[in-house]
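# Understanding the architecture of this molecule
Here is how the chains run, residue by residue.
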Amino acid sequence: QVQLVESGGGLVQAGGSLRLSCAATASIFNLNPMGWYRQAPGKQRELVADITSSGTTNYADSVKGRFTISRDNAKNTVYLQMNSLKPEDTAVYYCNTQTYVPLTRTYLAVWGQGTLVTVSS
């Protein structure tokens, strides 16, 4: 089963930028979609952005125009470029995808361990 490992989080001032990476342990070519979620303290996990195998992207309204999701199938990696960061972007960011389980004919959600992004005002 594919595993996801996030990196790139850290502390940044408001207005700054960070790039998150999500490295998969297996080919992501057919993984569809691949996405980034975030969870702030005391809040539910929410979708930030996702990207299909054909490259179609989807963004939460709160990050449109500031964040860009991309995928490099050759490197089995998905990226989240975050610009113009705001304190409200502070959260643990998780990479996500789903894999098909032939035995049960269902899809299984796969999550990374998360990477913390802290934006100071």
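The following paragraphs examine the structure supplied in this document. This is a predicted model, so every value here is computed, not measured.

## Describing the side chain of asparagine 76
Relative to the elements of secondary structure, asparagine 76 occurs in the loop between strand 7 (67-72) and strand 8 (77-82). At 3.2 Å, the side chain of asparagine 76 forms a polar contact with the backbone nitrogen of isoleucine 28. Here asparagine 76 is in contact with Cys22, Ala23, Ala24, Ala26, Ser27 and Ile28, once residues within four sequence places are set aside.

## Thoughts on the sheet that holds strand 3 (residues 18-24)
Pairing in this open sheet of four strands is antiparallel, and the strands run 1-3-8-7 from one edge to the other. The sheet is open, and its two borders are formed by strand 1 (4-7) and strand 7, each paired with just one other strand. Direction aside, the axes of adjacent strands within the sheet are offset by 15 degrees on average. Strand direction decides the pairing type here: strand 3 and strand 8, joined by six bridges, are antiparallel. By the bridge assignment, serine 21 is partnered in strand 8 with tyrosine 79.

What counts and what doesn't
- Residues numbered from 1 in each chain as written.
- Predicted model: local features only at pLDDT ≥ 70, side-chain atom pairs only at ≥ 80, totals over all residues.
- Heavy atoms only, no water.
- Helix = DSSP H or I, 4+ residues; strand = E, 2+ residues; numbered from the N terminus.
- Polar contact = N/O pair within 3.5 Å; in protein donor to acceptor, adjacent residues only side chain to side chain.
- Contact = heavy atoms within 4.5 Å.
- Pairing = 2+ DSSP bridges.
- Axes fitted to C-alpha atoms, helices over the stretch in contact; angles between N-to-C directions.

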